[in-house]
Amino acid sequence: MYSCPGCGAQMLFDIPSQQLKCGRCDRQMSIAEADEKEARHAGGSFGMELLTCPTCGAGIHALNTSAAAFCSYCGSSVMLEKQEAEYDPPEKIIPFMITREECFQKYQEMLKGSFCADHRLKEHISADSFRGIYVPYHTYNATVKGSATIEGHENKSNATYYYKTQIKLNHRYEGIMHDASREMPDNISESISIAHGAQEKMVPFSPAYLSGFYADVADTDPDLYVPYAKSEAIRKGLEDTLPTLEDDDLSYSTSEAEKALTSKTQAEYTGDALLPVWFMSMKTGRRVLYAVQNAVTGEMWADIPMDIPRFALVALVLAAALFALFQNYLALRPEMVMIAAMLLAAFAQWAVNARRTRMKEKEMMEAVIQGETVDVRDRMNKMKRLEKRVARQKNHGIFRYLGIFALGACSCLALNILSGLDNIRIYRYASIGLLVVIGMMVLPLGEKRSKMPIGCLITLAAVAAGAFIMAFDPFHSADTPVYIVTLAIMAGVILECLELLRLYNRSCSNTLPQFESHQGGELL
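Just so we're clear, the structure is a prediction, and the values are computed from it rather than from any experiment. (Residues numbered from 1 in each chain as written. Predicted model: local features only at pLDDT ≥ 70, side-chain atom pairs only at ≥ 80, totals over all residues. Heavy atoms only, no water.)

### A look at the sheet that holds strand S2 (residues 19–22)
To summarise the sheet geometry, strands pair through backbone hydrogen bonds and adopt either a parallel or an antiparallel arrangement.
Inference 1: Within the open sheet, the three strands sit side by side as S1-S2-S3. Their pairing is antiparallel. Pairing within the sheet leaves two strands with one partner each, and these edge strands are strand S1 (11–14) and strand S3 (28–29). (Pairing = 2+ DSSP bridges. Helix = DSSP H or I, 4+ residues; strand = E, 2+ residues; numbered from the N terminus.)

### A word on helix H6 (residues 226–241)
Inference 1: With 16 residues, H6 should cover 22 Å at 1.5 Å per step; its first-to-last C-alpha distance of 22 Å lies within 8% of that length.
Inference 2: Burial analysis of H6 places 13 of its 16 residues in the buried class, the great majority of the element. (Expected span 1.5 Å × (residues − 1). Buried < 20%, exposed > 50% of the residue type's maximum accessible area, 1.4 Å probe, protein only.)

### Considering the pairing of S1
Inference 1: Pairing geometry for S1 and S2, over four bridges, is antiparallel. Bridged to Asp-14 within S2 is Gln-19.
Inference 2: Taking the residues that link successive antiparallel strands as the turn, the S1-S2 hairpin has four residues, and the phi of Gln-18 there is positive, at about 60 degrees.

### A closer look at the pairing of strand S5 (residues 59–62)
Inference 1: Where burial is concerned, the two faces of S5 agree: the one with Gly-59 and His-61 and the one with Ile-60 and Ala-62 are both buried.
Inference 2: Sheet topology note: the strand S4 (residues 46–52)/S5 ladder contains four bridges and is antiparallel. Looking at the pairing, Leu-50 lines up with His-61 of S5.
Inference 3: Of the strand pairs in this sheet, S5 and strand S11 (residues 214–215) are connected by two bridges, and their pairing is antiparallel. Following the sheet pairing, Ala-62 is matched in S11 by Tyr-214.

### Focus: the nonpolar core
Inference 1: In terms of nonpolar packing, the biggest core is built from 44 residues, with Tyr-107, Phe-130, Tyr-134 and Leu-210 touching the most fellow members.
Inference 2: Elements represented by at least two residues in this core include exactly S1, S2, helix H1 (31–38), S4, helix H2 (100–112), strand S13 (265–284), strand S14 (287–294) and strand S15 (300–302).
Inference 3: Among the elements that make up this core, the one with the highest residue count is H2 (five residues).
Inference 4: Non-local contacts of Tyr-107, meaning those with residues more than four positions away in its chain, are made with Leu-121, Ile-125, Phe-130, Met-280, Ala-291, Met-300 and Ala-302.
Inference 5: Cys-56, Met-184, Ile-188 and Val-288 belong to the second-largest nonpolar core, a separate cluster that totals 30 residues. (Core = buried A, V, L, I, M, F, W, Y, C linked by side-chain atoms within 4.5 Å. Contact = heavy atoms within 4.5 Å.)

### A short note on the packing of helix H13 (residues 454–472) against helix H14 (residues 479–507)
Inference 1: With their axes 8 Å apart at the nearest point, H13 and H14 run at an angle of 155 degrees to one another. Taken together, H13 and H14 sit at an angle that is classed as roughly antiparallel. Considering how the two elements wind past one another, H13 and H14 form a crossing that is left-handed. Contacts between H13 and H14 pair Ile-454, Gly-455, Cys-456, Ile-458, Thr-459, Ala-462, Val-463, Ala-465, Gly-466 and Ile-469 from the former with Pro-481, Val-482, Val-485, Ala-488, Ile-489, Gly-492, Val-493, Leu-495 and Glu-496 from the latter.
Inference 2: The class makeup of the residues in the contact of H13 with H14 is 14 nonpolar, four polar and one charged. (Axes fitted to C-alpha atoms, helices over the stretch in contact; angles between N-to-C directions. Parallel < 35°, antiparallel > 145°, perpendicular 65-115°, else oblique. Left-handed = near helix turned anticlockwise from the far one by under 90°. Nonpolar A, V, L, I, M, F, W, Y, C, P; charged D, E, K, R; others polar.)

### So, unusual backbone geometry
Inference 1: One non-glycine residue, Gln-18, lies in positive phi territory at about 60 degrees.
Inference 2: Topologically, Gln-18 is positioned in the loop between S1 and S2.

### Observations concerning the environment of Ile-308
Inference 1: Inspection of the secondary structure assignment puts Ile-308 in helix H8 (residues 308–329).
Inference 2: Taking the C-alpha atoms as reference points, Ile-308 and Arg-502, 194 residues apart in sequence, are found 8.3 Å from one another.
Inference 3: Excluding its chain neighbours within four sequence positions, the residues that come into contact with Ile-308 are Leu-498, Leu-501, Arg-502 and Asn-505.

### Points about the pattern of salt bridges
Inference 1: Across all of its chains, the model carries seven salt bridges by this definition.
Inference 2: Across the pair Asp-118 and Arg-120 runs a salt bridge, and its minimum N-O distance is 2.7 Å.
Inference 3: Among the residues examined, Arg-120 registers a relative accessible area of 28% and is labelled partly exposed.
Inference 4: Glu-174 is the partner of Arg-172 in a salt bridge, and the nearest nitrogen-oxygen pair spans 3.6 Å.
Inference 5: Owing to a relative accessible area of 52%, Glu-174 belongs among the exposed residues under this scheme.
Inference 6: Each member of the salt-bridge network shares a partner with another, and the members are Arg-172, Glu-174 and Glu-268. (Salt bridge = Lys/Arg side-chain N within 4 Å of Asp/Glu carboxyl O.)

### Here's the deal with a nonpolar patch on the surface
Inference 1: Where nonpolar side chains cluster on the molecular surface, the patch consists of Leu-313, Leu-316 and Val-317 and spans about 310 Å² of accessible area.
Inference 2: Relative to the elements of secondary structure, Val-317 occurs in helix H8.
Inference 3: For Val-317, a relative accessible area of 53% puts it in the exposed group. (Patch = residues over 30% accessible without salt bridge, like charges linked within 9 Å, V, L, I, M, F, W, Y side chains within 5 Å. Areas by Shrake-Rupley, 256 points an atom, 1.4 Å probe, with all protein chains shown as cover.)

### Points about the environment of Glu-102
Inference 1: In this structure, Glu-102 sits in helix H2.
Inference 2: Spatially, the C-alpha atom of Glu-102 lies 9.6 Å from that of Ala-295, the residues being 193 residues apart in sequence.

### Looking at the packing of aromatic side chains
Inference 1: The tally for this structure, following the rule as stated, stands at 16 aromatic pairs.
Inference 2: Geometrically, the ring pair formed by Phe-279 and Tyr-290 is edge-to-face, given 5.4 Å between the ring centres and 65 degrees between the ring planes. Residue Phe-279 is located in strand S13, and its partner Tyr-290 is located in strand S14; the two are separated by eleven residues in the primary sequence. For the residue pair Phe-279 and Tyr-290, the accessibility class agrees, reading buried in each case.
Inference 3: Grouping aromatic residues by their ring pairs yields a cluster made of Phe-13, Phe-96, Tyr-134, Tyr-209, Phe-213 and Trp-278.
Inference 4: Against the face of Phe-70 rests Arg-131, its NZ or CZ located 4.1 Å from the ring centre.
Inference 5: When the ring centre of Tyr-214 is taken as origin, the NZ or CZ atom of Arg-131, which lies over that ring, is 4.7 Å away. (Phe/Tyr/Trp six-rings, centres within 6.5 Å; stacked < 30°, edge-to-face > 60°. Lys NZ or Arg CZ within 6 Å of the ring centre and 35° of its normal.)

Take a look at the structure:
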């Protein structure tokens, strides 16, 4: 514990001044003075408190910090178990450079970007919900040296021309990093990881930097991520080489080159370093939401589920506006209304299926596990997906609203065109075609699930009834059966939309961790 030489109160690391600061008299002390006062020698271990979560098994070390009443990793509101432990520090550390208040302000800006963000995030998350944690990272140096063939293509007029180009790489990269803590999910650490200039920001380790913060311990084998370091070197080497080619108009495919360069790449482990992050977790049911910010670069990753009642309110207002527009400016035939409902049903089913596919991919994608060699192309594809997800979060909500308005405009245009069609056969063929399309999207669910979702079942049955009415006209062109079927289709669409929102919210959360049985390598 670092005590103030003036009043004896506890001194904590102050981010703006990058020194220790007394909480009572505001006296400051440099890191060098603190080490000299404690007579600490570089590289030696020292005593810290080990705080362990009884719920998930996560453990973090603390110095000059009172015992925590919640777990950063599973979000449980429990008093963490405390015991004395020896801490073997790394040689390097990057101090906190962004304050807790600045972190919370950026998080609030992210929430403001989505009007339909879950209200619990705005009501229950405060600046104190973010905990400062130093996360250990393995560092590597990697060299890629060799030649490879890349394939390029160029479109001219109505023809596509293919080329093969030989490239040579001779690059060395230092400071490639991968998180070394089994508690930190790999997808989060990679989305906020310091990619540029990390080496210049590192300073020799001192316990004074930990005063007032928490620290994880490197508990994964450094050899585990050597293939990752190789893949990063190849990725960086190709990124640096491709812009130097003479013909920049070509579109290149590098998948085969990436595989060929794997055997020509060397990587070595160069030690560990501590990197600062602000970490927030909120438990919701049997899942947990995270918000994590890189406390050096400011990059933030956050799970932002949607508030279903608020989204339903927005959708209801939009539907009322569209109904008023259609009622005043369009001549709506009953058959046209039913076809429009079928189109909405097809779109809703497509969206639900797409979300299910993405969730399945997320569950099946594994990051590095003990003893398994990393496929370079697979790792690069995952990194590209992470970059896209981070980019989407920077504009959270904007494109969603633009999409809603675009869909409304397209619907107006389509219905305006349909309102001018008097040939009943067009609606008959359209209903049969939409029945086939929806059936192809819905029926495979029955093979993969023991129980077909009720929304899918209602939609399929109502569309089939509508197609039957249009094809055989059993009610002699009466309007009432058409409107009844239309209402049934819309009921199925509403249930499918609710299912879509539930799937989206589930994909914006994480399973509760269980670290006692975990062996390293979180799901990516």
